[in-house]
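Structural characterization, general
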Amino acid sequence: MPKVTAKGKTVTCEVGANLRQVLLQNKIDLHNGQAKLINCRGIGSCGTCAVELEGEVSAANWKDKGRRSLPPHNRDKNRRLACQTKVLGDVRVTKFDGFWGQGLKPLWTPEG
């Protein structure tokens, strides 16, 4: 079973599990500020669940690529939408500042 490490926690999940669901089910909140209330609930349209990933995950789909190509995101940054990402192996997750997680300052890392 793959291990997901985020915000000082390591949890396991099934291969192919949705990263957003894994994080939220394990009380790892990946939305900044009011994005906790105002987000698309996982359909890939808002971009507030953007995170930086290290590890084995699915390739970015058209929703992920499309949303991250629009401001304030930048496709050149190493970010992914957690709601559109499947966990395929061990993964380390970092969340950045900004309403959409588009900032440069890490809010939390795999270690905490």
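For the structure given in this document, a descriptive report is provided here.

1. A closer look at the overall build of the protein chain
Regarding its fold elements, the protein chain presents two helices and seven strands. Start at the N end of the protein chain and walk to the C end: the helices and strands fall as β-β-β-α-β-α-β-β-β. Since a compact globule built from 112 residues should have a radius of gyration of about 13 Å, the 12 Å found for the protein chain is in line with a globular shape. For the protein chain, the proportion of its 112 residues judged to be buried stands at 46%. Within the protein chain, contacts between residues separated by at least 24 positions form 58% of all contacts whose residues are at least 6 apart in sequence. Surface summary for the protein chain: the accessible area is close to 5900 Å², and the carbon and sulfur share equals 53%.

2. With respect to a nonpolar patch on the surface
A cluster of nonpolar side chains, contributed by Leu37, Ile38 and Phe99, occupies part of the molecular surface with about 300 Å² of accessible area. By relative accessible area, Leu37 is classed as exposed at 59%.

3. Concerning the nonpolar core
Core analysis: the biggest nonpolar cluster contains 22 residues, and Val4, Leu19, Leu23, Leu53 and Val93 have the highest contact counts within it. Of the residues forming this core, the biggest block, four residues, is contributed by strand S4 (residues 50–57). With near-sequence residues (within four places) excluded, Leu23 lies in contact with Val4, Ala6, Ile28, Leu30 and Val93.

4. So, the environment of Asn18
Here Asn18 shows up in strand S3 (residues 17–18). In this structure the C-alpha to C-alpha distance between Asn18 and Thr85, which are 67 residues apart in sequence, comes to 5.9 Å. Not counting the four nearest positions on each side in its chain, Asn18 is found in contact with Ala82, Cys83, Gln84 and Thr85. A polar atom in the side chain of Asn18 sits 2.7 Å from the backbone oxygen of Cys83.

5. A word on the environment of Ile28
Along the polypeptide, Ile28 turns up in the loop between helix H1 (19–25) and S4. The exposure class of Ile28 is buried, given its relative accessible area of 1%. Filtering out sequence-adjacent residues up to four positions away, Ile28 remains in contact with Ala6, Lys7, Lys9, Leu23 and Trp108.

6. Considering the packing of aromatic side chains
On inspection of all chains with the given rule, the structure shows one aromatic pair. Here Phe99 and Trp100 contribute two aromatic rings whose centre-to-centre distance is 4.8 Å and whose plane-to-plane angle is 70 degrees, an arrangement assigned as edge-to-face. Taking the ring centre of Phe96 as reference, the NZ or CZ of Arg79 above it sits at 3.8 Å.

Scoring rules and cut-offs
Residues numbered from 1 in each chain as written. Predicted model: local features only at pLDDT ≥ 70, side-chain atom pairs only at ≥ 80, totals over all residues. Heavy atoms only, no water. Helix = DSSP H or I, 4+ residues; strand = E, 2+ residues; numbered from the N terminus. Rg over C-alpha atoms; globule rule 2.2 N^0.38 Å. Buried < 20%, exposed > 50% of the residue type's maximum accessible area, 1.4 Å probe, protein only. Contact = heavy atoms within 4.5 Å. Areas by Shrake-Rupley, 256 points an atom, 1.4 Å probe, with all protein chains shown as cover. Patch = residues over 30% accessible without salt bridge, like charges linked within 9 Å, V, L, I, M, F, W, Y side chains within 5 Å. Salt bridge = Lys/Arg side-chain N within 4 Å of Asp/Glu carboxyl O. Core = buried A, V, L, I, M, F, W, Y, C linked by side-chain atoms within 4.5 Å. Polar contact = N/O pair within 3.5 Å; in protein donor to acceptor, adjacent residues only side chain to side chain. Phe/Tyr/Trp six-rings, centres within 6.5 Å; stacked < 30°, edge-to-face > 60°. Lys NZ or Arg CZ within 6 Å of the ring centre and 35° of its normal.

No statement about biological role is implied by the geometric values presented.
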